[in-house]
Number of protein chains: 2
Amino acid sequence: MKRAMILGGGMVGSAIAMDLAKGGDLAVTVADSRDEVLDRIKSRCPIETVRADLGDAARVTRIVAGQDVVIGALPSVLGLQTLRAVIEAGRNYCDISFMPEDPKQLSALAVERGVTAVVDCGVAPGMSNMLSGWVSRELDVRERLTIYVGGLPVVRSWPFEYKAGFAPYDVIEEYTRPSRIVEHGRVVVKDALSETELLDFPGVGTLEAFNTDGLRTLIDTLDFPHMLEKTMRYPGHAHLMRILRETGFFGSEPIEVDGMKVQPRSVTAALMFPLWKFEPGEEDLVVLRVVAEGSKGGRPTRYRWDMIDRYDAATDTRAMSRTTGYPAAIMARLIADRRFDKPGVHPPEIPGREPGILDAVLAELEKRGIRFEARVEPIAR
Amino acid sequence: MKRAMILGGGMVGSAIAMDLAKGGDLAVTVADSRDEVLDRIKSRCPIETVRADLGDAARVTRIVAGQDVVIGALPSVLGLQTLRAVIEAGRNYCDISFMPEDPKQLSALAVERGVTAVVDCGVAPGMSNMLSGWVSRELDVRERLTIYVGGLPVVRSWPFEYKAGFAPYDVIEEYTRPSRIVEHGRVVVKDALSETELLDFPGVGTLEAFNTDGLRTLIDTLDFPHMLEKTMRYPGHAHLMRILRETGFFGSEPIEVDGMKVQPRSVTAALMFPLWKFEPGEEDLVVLRVVAEGSKGGRPTRYRWDMIDRYDAATDTRAMSRTTGYPAAIMARLIADRRFDKPGVHPPEIPGREPGILDAVLAELEKRGIRFEARVEPIAR
């Protein structure tokens, strides 16, 4: 029986663990430092657990020994050191930490150790990369790639109409960091939250999309002369966030207040994040749209995928956990089964452009109720 | 020659001083603790100055000796103690400190000392009270009194489209304090910033009015069964302020942030107030509308006054200083001339209902370019 270990048993890690355990053909272990997290997983599914401080890279290298594949579901700050620790243990890896550093710096080491590692393997980054990788091969001429993604509460509450499906500090970071996009083959930088546009999704309604720094590896791996990723929220949210940001409420430079040095961002977090927290059992949804334009067989062609996923009440699993965790779980299986075994550290567009991989992933996601509606159409010029 | 002393030489105090000195028939003195303030006034007008700490009430009692009338233009926190100090000196008084306490508590003392004091003598409170007092006598049956007032920058800048013509902390206080209004003869309390409505003013455009706690003395002195005061801003401002308030950014209770106890209001002030500051020479405007409904001679009748005033470039005096300061200056003259000499502490609706006072004030304001457009019309039922 092959063995898989999940590092981190939080919302997404536990969804991955339960998905992998379900098949019955893998020996699944979850590692986490928190007893309550491990207890929660055990109460729901007969999965092995290991209590370990995963901030200790040497400990990670030791506990992953003997695993056929390791899945990383840790905070982004631990992403790079965990990737290195798993590679050094010579274990294959699939990661959703979304580390800020460039994971490619460890690719040579992975090749040396014969390790296959796929990073950024969630929904976007993740599925968006896989689709983009696939379509970049499908098109003869690549022109324009646009990715829209948003995770949202189903019930919209004034004033923010938003809850954070992942660490809320990372959301503020996303609203603050300049957005790198590609125009005419060059990387240009735009304000986060800028260039809003409205998009309609059946059953969801109108969402507002705005620039965020989401292209990541695609800037280097693909050659569409125009590429951008936008984040989607309910209309009006971006406007409020711009106002808070421009007034200084997201600032991380301490300011002098009543004789103290205070980070405005910390005050904003203390006031706003409680309003951004999903209640237990609260429904969310995740919407992803990927549009690629170019030409195929001499004809201007547009490829479009739409995915709308919702909270699963039966397993109490949020759409954000499903759409982030299941692609990673499926990719981990493909790696464990050696369906993708290219040594090195790869973003998902690399397996995405290998024959058969995208189809396999989409088929597995469909079994889990995550459906990508694909459309291919000629572009009228 | 009669003598008048202005306590406080800030924006409004200096406008009052220069207005009173202009007539040439009054010996005018300005008292302030700040050299630069006194120097600024002297550089513009040959006015006597006294350097004195006006936070010291005993000092105030001493320096006002021998004045025919004293005008208070100090921060609201000094309002009550200064009123008492001036009364104790046996001097007549006119005040625009807008103190939070009830100034009527010193009325008996004023009567005892033979002092006439008119408080809240600005634009609103101030002219709004005077008009309301007048119309309350004019109507046989009083039904509804509505006061709309706003001080605004002429140039609207994203996102707040607002600059504070007076202490910005008092603006936050106004947006936070529950609003007392009168409905069916009873005082009811509404949220500040609530019940927005849109109003058009020629040459200004559409403004948005919302509840604030502005009726003050009118709740007790007048018997309209319906009374409310609303503050006006450019549309959208109230929405932003509600969001900041409801998220906790105006909170004065300290919260725990990064191991420190921080007042959110102080952080908001540090970030937002610099954006709310008028630039030197920046144009502002003040809009006031007072509407009174009732019946007169058996006929349902509506009285309406509209006043729009603007920054005066010739004297570099903002509309907020003009419309707050000139009513006080004019009332001070009426008191000095014993045109209004009723002993006690009075809000402006009391002189307002005395014959001839309102007409005299409006005529004097008109000389200064501040015009109240009055309209009396039957109400169609």
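Sequence positions are assigned chain by chain, starting from 1 and proceeding in written order. All chains are assigned letters beginning at A, and all ligands numbers beginning at 1, according to the order in which they are written. Under the rules for a predicted model, residues below a pLDDT of 70 receive no local features and side-chain atom pairs below 80 are neither given nor counted, while totals for whole chains, interfaces and linings still include all residues. To obtain the side-chain values, all non-hydrogen atoms of the structure were included, while hydrogens and water were left out.

(A) Structural context of the overall build of chain A. Comment: elements are numbered from the N terminus, with helices defined as DSSP H or I runs of at least four residues and strands as E runs of at least two. Each helix and strand counted, chain A has 13 helices and 18 strands in total. Computation of the radius of gyration draws on C-alpha atoms, with the globule rule given as 2.2 Å multiplied by the number of residues to the power 0.38. The C-alpha atoms of chain A give 21 Å as radius of gyration, which agrees with the globular expectation for 381 residues (21 Å, within 12%). Summarising its shape, the C-alpha atoms of chain A cover approximately 65 × 50 × 40 Å along the three principal directions. Taking all contacts inside chain A whose residues are at least 6 apart in sequence as the whole, residues at least 24 apart take part in 67%. Computed by Shrake-Rupley with a 1.4 Å probe, the accessible areas treat only the displayed protein chains as cover when residues are assessed. Carbon and sulfur atoms make up 49% of the accessible area of chain A, which totals about 15400 Å². Side chains of chain A carry 49 positive and 55 negative charges; the gap between the two charge centres is 3 Å. Contact criterion: two residues are considered in contact whenever any of their non-hydrogen atoms come within 4.5 Å of each other. Positive charges come from Lys and Arg alone, negative charges from Asp and Glu alone, with His and the N- and C-terminal ends not counted. Every charge is mapped to an atom, namely NZ of Lys, CZ of Arg, CG of Asp or CD of Glu.

(B) Region of interest: the relation of the copies chain A and chain B. When the copies are overlaid, the least-squares fit takes in C-alpha atoms only where the residue has pLDDT of at least 70 in both copies. Between the two copies, chain A and chain B, the superposition gives an RMSD of 0.0 Å; the rotation angle is 180° and the shift along the axis is 0.1 Å. Such a turn and shift between the copies fits a two-fold axis. The residues that chain A uses at the interface reappear at the interface of chain B in 100% of cases, marking a shared surface.

(C) Inspection of the interface of chain A and chain B at higher detail. Each partner contributes residues to the interface: chain A has 27 residues there, and chain B has 27 residues. Here the quantity called buried area is the total loss of accessible area, with a 1.4 Å probe, experienced by two parts when brought into contact, counted for both. When the two sides are added together, the surface that chain A and chain B hide from each other amounts to roughly 2200 Å², 82% of it contributed by carbon and sulfur. Interface area lost by chain A to chain B is led by Trp158, Phe249 and Leu271 of chain A, which between them contribute 27%. Any Lys or Arg side-chain nitrogen located within 4 Å of an Asp or Glu carboxyl oxygen qualifies as a salt bridge. Seen at the junction of chain A and chain B, the total is 0 salt bridges. Two N or O atoms form a polar contact when they lie within 3.5 Å of each other; inside protein one atom must be a possible hydrogen donor and the other a possible acceptor, and for residues adjacent in sequence the pair counts only when both atoms belong to side chains. In this assembly, chain A and chain B are joined by 2 residue pairs in polar contact (both at pLDDT 80 or more). Broken down by secondary-structure element, the contributors of at least two residues to the side of chain A that touches chain B are α9 (237–247), β13 (255–257), β14 (260–262) and α10 (264–272) of chain A. The residue classification treats Ala, Val, Leu, Ile, Met, Phe, Trp, Tyr, Cys and Pro as nonpolar and Asp, Glu, Lys and Arg as charged. All others, Gly included, are polar. In terms of residue class, the side of chain A that touches chain B is built from 17 nonpolar, 6 polar and 4 charged.

(D) Fine view of the sheet that holds strand β2 (residues 26–32) of chain B. Residue and element names in this part refer to chain B. The 7 strands lie next to each other as β3-β2-β1-β4-β5-β6-β17, forming an open sheet whose pairing is parallel. Here the strands that pair on one side only, and so sit at the sheet edges, are β3 (48–51) and β17 (344–346). Direction aside, the axes of adjacent strands within the sheet are offset by 20° on average. Axis definition: a line fit to C-alpha positions, over the contact stretch in the case of helices; interaxial angles, taken between N-to-C directions, run 0 to 180 degrees. Against the sheet, helix α11 (residues 319–336) engages β1 (2–7), β2, β4 (69–72), β5 (92–95) and β6 (116–118), with an angle of about 165° to β5. Each pair of strands is called paired provided DSSP finds at least two bridges between the two strands.

(E) Structural context of the packing of aromatic side chains. Any two rings among Phe, Tyr and Trp, with Trp reduced to its six-membered ring, count as a pair given centres within 6.5 Å; such a pair is stacked if its planes are under 30 degrees apart, edge-to-face if over 60, and tilted if neither. Taken as a whole, this structure holds 17 aromatic pairs over all chains when the rule is applied. Their ring planes at 35° and their centres at 5.6 Å tell us that Phe273 of chain A and Trp276 of chain A sit as a pair that is tilted. Summarising the burial analysis for this pair, Phe273 of chain A and Trp276 of chain A share the class buried. Relative to Trp305 of chain B, the ring of Tyr303 of chain B has its centre 6.2 Å away and its plane inclined at 20°; by these criteria the two rings are stacked. We classify Tyr303 of chain B as buried; its relative accessible area is 5%. Three or more aromatic residues joined by ring pairs make a cluster, and in this case those are Phe160, Tyr162, Tyr169, Phe273 and Trp276 of chain A. Only protein chains enter the area calculation, which uses a 1.4 Å probe; residues under 20% of their type maximum are buried, those over 50% are exposed, and those in between are partly exposed.

(F) Spatial organisation of unusual backbone geometry. Residue and element names in this part refer to chain A. Here the residue pair Ala124 and Pro125 is connected by a cis peptide bond, since its omega of 5° sits within 30 degrees of zero. Structurally, Pro125 can be placed in the loop between β6 (116–118) and α6 (127–138). For the peptide bond that leads from Trp158 to Pro159, omega is 0°, which places it in the cis range. Structurally, Pro159 is set in the loop between β7 (141–153) and α7 (168–176).

(G) Here's a closer look at helix α11 (residues 319–336) of chain A. All names here are of chain A. The terminal C-alpha atoms of α11 lie 25 Å apart, and with 18 residues this matches the ideal 26 Å at 1.5 Å per residue to within 8%. A large share of α11 lies buried, amounting to 18 of its 18 residues. Once α11 ends, the next one or two residues include Arg338, with phi positive near 60°. Given a helix with a known number of residues, its expected span is that number minus one, times 1.5 Å.

(H) Representation of the packing of α7 of chain A against α10 of chain A. Residues and elements named next belong to chain A. Two elements in contact, α7 and α10, have axes whose closest approach is 11 Å; the angle formed by their N-to-C orientations is 125°. Comparing their axes, α10 and α7 come out oblique. The two elements α7 and α10 cross, and the hand of that crossing is right-handed. Only Arg265, Ser266, Ala269 and Met272 of α10 make contact with α7, whose side of the interface consists of Tyr169, Ile172, Glu173 and Thr176. Roughly parallel means an angle under 35 degrees; roughly antiparallel, over 145; roughly perpendicular, 65 to 115; everything else is oblique. By convention, the crossing between two helices is left-handed when the near helix turns anticlockwise from the far helix through less than a right angle, and right-handed when the turn is clockwise.

(I) Main features of helix α13 (residues 357–367) of chain B. Residues and elements named next belong to chain B. Residues of α13 that are buried include every one of Ile357, Leu358, Ala360, Val361, Leu362 and Leu365, and no others. The elements touched by buried residues of α13 are α6 (127–138), α11, α12 (349–352) and β18 (372–378). Once α13 ends, the next one or two residues include Gly369, with phi positive near 85°.

(J) Structural view of the side chain of Ser321 of chain B. Position of Ser321 of chain B among the secondary structure elements: in helix α11. In this view, Ser321 of chain B contacts Met11, Val12, Ala15 and Tyr326 of chain B; residues no more than four positions away in its chain are not counted.

(K) Focus on the pattern of salt bridges. Tallied over the full model, the rule gives 60 salt bridges over all chains. For Arg322 of chain B, the salt bridge goes to Asp309 of chain B, with nearest N and O atoms at 2.7 Å. Taken together, the residues span a long stretch of sequence, with Arg322 of chain B in helix α11 and Asp309 of chain B in strand β16 (residues 299–310) at a distance of 13 residues. Here Arg322 of chain B and Asp309 of chain B have matching classes, each one buried. One salt-bridge network, in which partners are shared between bridges, spans Glu173, Arg177, Arg180, Asp213 and Arg265 of chain A.

(L) Expanded view of the sheet that holds β6 of chain A. Residues and elements named next belong to chain A. Strand order across the open sheet formed by 7 strands is β3-β2-β1-β4-β5-β6-β17, with parallel pairing between neighbours. Strand pairing shows two members of the sheet lacking a second neighbour, β3 (48–51) and β17 (344–346), which therefore form its edges. Looking at each pair of strands side by side, their axes are set apart by 20° on average, direction ignored. Summarising the sheet, β6 and β17 pair through 3 bridges and their orientation is parallel.

(M) Just the confidence of the model for chain A, in detail. As a per-residue measure, pLDDT reflects the predictor's confidence and takes values from 0 up to 100. Within chain A, residue pLDDT values average 96, and 100% of them lie at 70 or more. The ipTM for the predicted assembly is 0.87, set against a pTM of 0.90.

(N) The pairing of strand β4 (residues 69–72) of chain A, seen in detail. Residues and elements named next belong to chain A. On β4, burial covers both faces: Val69 and Ile71 on one face and Val70 and Gly72 on the other are all buried. Sheet topology places β4 next to strand β5 (residues 93–95); 3 bridges connect them, and they run parallel. Residue Val70 lies in a different strand from β5, and its bridge partner there is Tyr93. Handedness of a crossover: with both strands directed away from the viewer, a clockwise path from the first strand across the helix to the second marks it as right-handed. In this fold, the crossover linking β4 to β5 by way of helix α4 (residues 79–88) has right-handed handedness.

(O) A look at the packing of helix α1 (residues 11–22) of chain A against α11 of chain A. All names here are of chain A. In the contact formed by α1 and α11, the axes pass within 8 Å of each other and the chain directions differ by 45°. Judged by the inter-axis angle, α1 sits oblique to α11. The chirality of how α1 crosses α11 is right-handed. Seen from α1, the contacting residues are Met11, Val12, Ala15, Ile16, Asp19 and Leu20; seen from α11, they are Ser321, Thr324, Gly325, Tyr326, Ala328, Ala329 and Arg333.

(P) Highlighting the environment of Leu240 of chain A. By secondary structure assignment, the location of Leu240 of chain A is in helix α9. Looking at Leu240 of chain A, the relative accessible area reads 6%, which means it is buried. Leu240 of chain A sits 47 residues away from Leu193 of chain A along the chain, and the two C-alpha atoms are 9.9 Å apart. Those residues in contact with Leu240 of chain A that lie beyond four places of it in its chain are Pro159 and Phe160 of chain A together with Leu240 and Ile243 of chain B.

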